[in-house]
Amino acid sequence: MELRALQYFVAVAEELHFGRAAQRLGIVQPAVSQQIARLERELGVRLLDRTSRRVRLTPAGERVLAAARRTLAAAARVRVVAGEPAAVLRIGVASCATRRLDRAVGRLSHSERPAEPRLVDLPLAARLDAVRDGELDLALVRGALTSAAVMVVRAWSEPLHAVFAREHPAARRPVVRLHDFAPYGLRLPARASDPPMYDAILAALPMAPPRPPAGDMLNVLFEVGRDAEGWTLMPAEQLDVSRSERLLHMPLDPPVTVDGHVVTSLATPEPCVASYVAAFAD
């Protein structure tokens, strides 16, 4: 079994598309298909269910994906032990620490591919530009993001929580639903500050609200806290560090989630991408 075959499989499993995986790897699509078919023959299991319309992992594929990521990271560790020093890893983030970020920094520092993480606080647009230009090694983005200039790989999913004042009618309910909140009470940060996150929240709403008042997140939370009808949605992990005696936050029923992505340059080696994704995955 070749590491190259595992590398190709991880790319297809993360993209769920042979063409995009080939583009990401910088090779032709038939070469990817051949390596995946060879890997399936060697393992004696089908890793991917594929039709003309979609590609998805089989249960065996899910298990092999986790093992393949660990194997590629271990191979990178061999190169480090052989004399390649641990590199400084520049990570673009928003100005909010989370438990996931703290855990990932520890994983990257002490994992099979050691690195010295350095966090760089930048607005979203500047984060993406810095990754594209090689000034950052990777960046973190919540919400759907497509770009031909950088590589975007889903790494985790987290719930959105409703945030509202203690005087809000929903505060008396054991569970809250999106229908419990009036559309006109929605408050959101300006879209320009984080378009993917803004769009993800609007996409989760059962109906299009009136144009929500805009502001930075600090002002949004301030407005929500003093308005008995005001509310907003925030990723649950951000709320771990955003506490206020005037505000409550609760998960939604049914749950609403947002995906988190690792963004790297198109030239980033596949084993590096796999190790970054593994560090931030659940």
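About the thresholds
Residues numbered from 1 in each chain as written. Predicted model: local features only at pLDDT ≥ 70, side-chain atom pairs only at ≥ 80, totals over all residues. Heavy atoms only, no water. Phe/Tyr/Trp six-rings, centres within 6.5 Å; stacked < 30°, edge-to-face > 60°. Buried < 20%, exposed > 50% of the residue type's maximum accessible area, 1.4 Å probe, protein only. Helix = DSSP H or I, 4+ residues; strand = E, 2+ residues; numbered from the N terminus. Pairing = 2+ DSSP bridges. Arc of directions from axis to C-beta. Contact = heavy atoms within 4.5 Å.

Visitor: Would you take a moment to explain the packing of aromatic side chains for this structure?
Guide: Aromatic ring pairs are described here by two measures, namely the spacing of the ring centres and the angle between the planes. Going through the model one piece at a time under the given rule, you end up with three aromatic pairs. By way of ring pairs, the aromatic residues F164, F181 and W231 are connected into one cluster.

Visitor: I would appreciate a short explanation of the pairing of strand β6 (residues 150-165) in the present structure.
Guide: Both faces of the sheet carry side chains from a regular strand, because those side chains alternate between them. The buried count for β6 comes to 13 of 16 residues, which makes it a mostly enclosed element. Relative to strand β9 (residues 257-265), β6 runs antiparallel, the two being bridged by nine bridges. By the bridge assignment for β9, M151 is matched with T264. Summarising the sheet, β6 and strand β7 (residues 231-235) pair through five bridges and their orientation is antiparallel. Note that in β7 the partner of F164 across the bridge is W231. Note that β6 and strand β8 (residues 247-251) share five bridges and pair antiparallel. What sits directly across from H161, in β8, is P251.

Visitor: Please explain helix α8 (residues 217-226) as it appears in this structure.
Guide: Within an α-helix, residues lying three or four positions from one another point in the same direction, as the helix has 3.6 residues per turn. Turning to α8, its buried residues are V220, L221, V224 and G225. The buried residues of α8 occupy an angular sector of 130° when the element is viewed end-on, so they sit on one face. Exposed positions of α8 whose direction lies more than 90 degrees from the buried face are L218 and R226. Those residues of α8 that are buried lie in contact with β6, β7 and β8.

Shape descriptors only; they carry no functional weight alone.
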